[in-house]
Amino acid sequence: MESDSLLKRSAAGLLLVILLLTAPLAGVMVAGESPLPYLQFPPETFHVEQPAFSWTIFTAVLLFIILTTWPFWKRFSAGEWKPDQLPGSQRFPA
């Protein structure tokens, strides 16, 4: 019985490893490119030109974060949020 369970876990682990190794290479081949650059060792890095910093995008993302989290910060800082007042906060098992 236990050896059957061990065999199933081993097979699942082996399948996971196979998928993790072959799925990315299969995706490269489906895209019509050669997988050889991904298999070379040691891997070579290439210099990538980074885009310029955009204050507009930074400000937009910052405002989005502030606006979406503001109600939580306001309630938390006012002391209105207490863990024992949350629904389902009774001791388990009741």
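What counts and how
Residues numbered from 1 in each chain as written. Predicted model: local features only at pLDDT ≥ 70, side-chain atom pairs only at ≥ 80, totals over all residues. Heavy atoms only, no water. Helix = DSSP H or I, 4+ residues; strand = E, 2+ residues; numbered from the N terminus. Buried < 20%, exposed > 50% of the residue type's maximum accessible area, 1.4 Å probe, protein only. Areas by Shrake-Rupley, 256 points an atom, 1.4 Å probe, with all protein chains shown as cover. Phe/Tyr/Trp six-rings, centres within 6.5 Å; stacked < 30°, edge-to-face > 60°. Expected span 1.5 Å × (residues − 1). Bend = angle between axes of the 7 residues up to and from the residue. Patch = residues over 30% accessible without salt bridge, like charges linked within 9 Å, V, L, I, M, F, W, Y side chains within 5 Å. Salt bridge = Lys/Arg side-chain N within 4 Å of Asp/Glu carboxyl O. pLDDT = per-residue confidence, 0-100.

## Some thoughts on the overall build of the protein
Right, so step 1: Secondary structure assignment for the protein yields three helices and zero strands.
Right, so step 2: Along the chain direction, N to C, the helices and strands of the protein fall in the order α-α-α.
Right, so step 3: Per-residue burial for the protein yields a buried fraction of 2% across its 94 residues.
Right, so step 4: Carbon and sulfur atoms form 71% of the exposed surface of the protein, whose accessible area is close to 9,400 Å².

## A few points about the packing of aromatic side chains
Right, so step 1: Summed over all chains, the structure comprises three aromatic pairs.
Right, so step 2: When the ring of Phe-53 is compared with that of Trp-55, the centres are 5.0 Å apart and the planes differ by 80°; the resulting orientation is edge-to-face.
Right, so step 3: We classify Phe-53 as exposed; its relative accessible area is 55%.
Right, so step 4: Ring centres of Trp-55 and Phe-58 lie 5.6 Å apart, and the angle between their planes is 85°; this geometry places the pair in the edge-to-face category. With Trp-55 and Phe-58 both in helix α3 (residues 55–77), this residue pair falls three residues apart, about one helical turn.

## As for helix α1 (residues 2–30)
Right, so step 1: For α1, with 29 residues, the first-to-last C-alpha span of 40 Å sits near the 42 Å given by 1.5 Å per residue.
Right, so step 2: In the structure, α1 departs most strongly from a straight axis at Thr-22, where the bend amounts to approximately 30° and where the proline Pro-24 lies between one and four residues downstream.
Right, so step 3: Directly after α1, the chain includes Gly-32, whose backbone phi takes a positive value near 90°.

## Topic: α3
Right, so step 1: Along α3, the helix axis deviates most sharply at Thr-69, where the bend reaches about 50°; the proline Pro-71 sits within four residues downstream.
Right, so step 2: Directly after α3, the chain includes Gly-79, whose backbone phi takes a positive value near 80°.

## Considering a nonpolar patch on the surface
Right, so step 1: Judged by side-chain polarity, Phe-53, Trp-55, Phe-58, Leu-62, Ile-66 and Trp-70 come together as a nonpolar surface patch covering roughly 710 Å² of accessible area.
Right, so step 2: Assignment of secondary structure puts Ile-66 in helix α3.
Right, so step 3: Look at Ile-66 and you get partly exposed, because its relative accessible area is 40%.

## Section: unusual backbone geometry
Right, so step 1: Omega for the bond connecting Phe-41 with Pro-42 falls within 30 degrees of zero, at -5°, which places this linkage in the cis form.
Right, so step 2: Tracing the sequence through the fold places Pro-42 in the loop between α2 (36–39) and α3.

## So, the confidence of the model for the protein
Right, so step 1: Averaged over every residue, the pLDDT of the protein is 84; residues scoring 70 or more account for 83%.
Right, so step 2: The spread of mean pLDDT over the elements of the protein runs between α2, the lowest at 84, and α3, the highest at 93.

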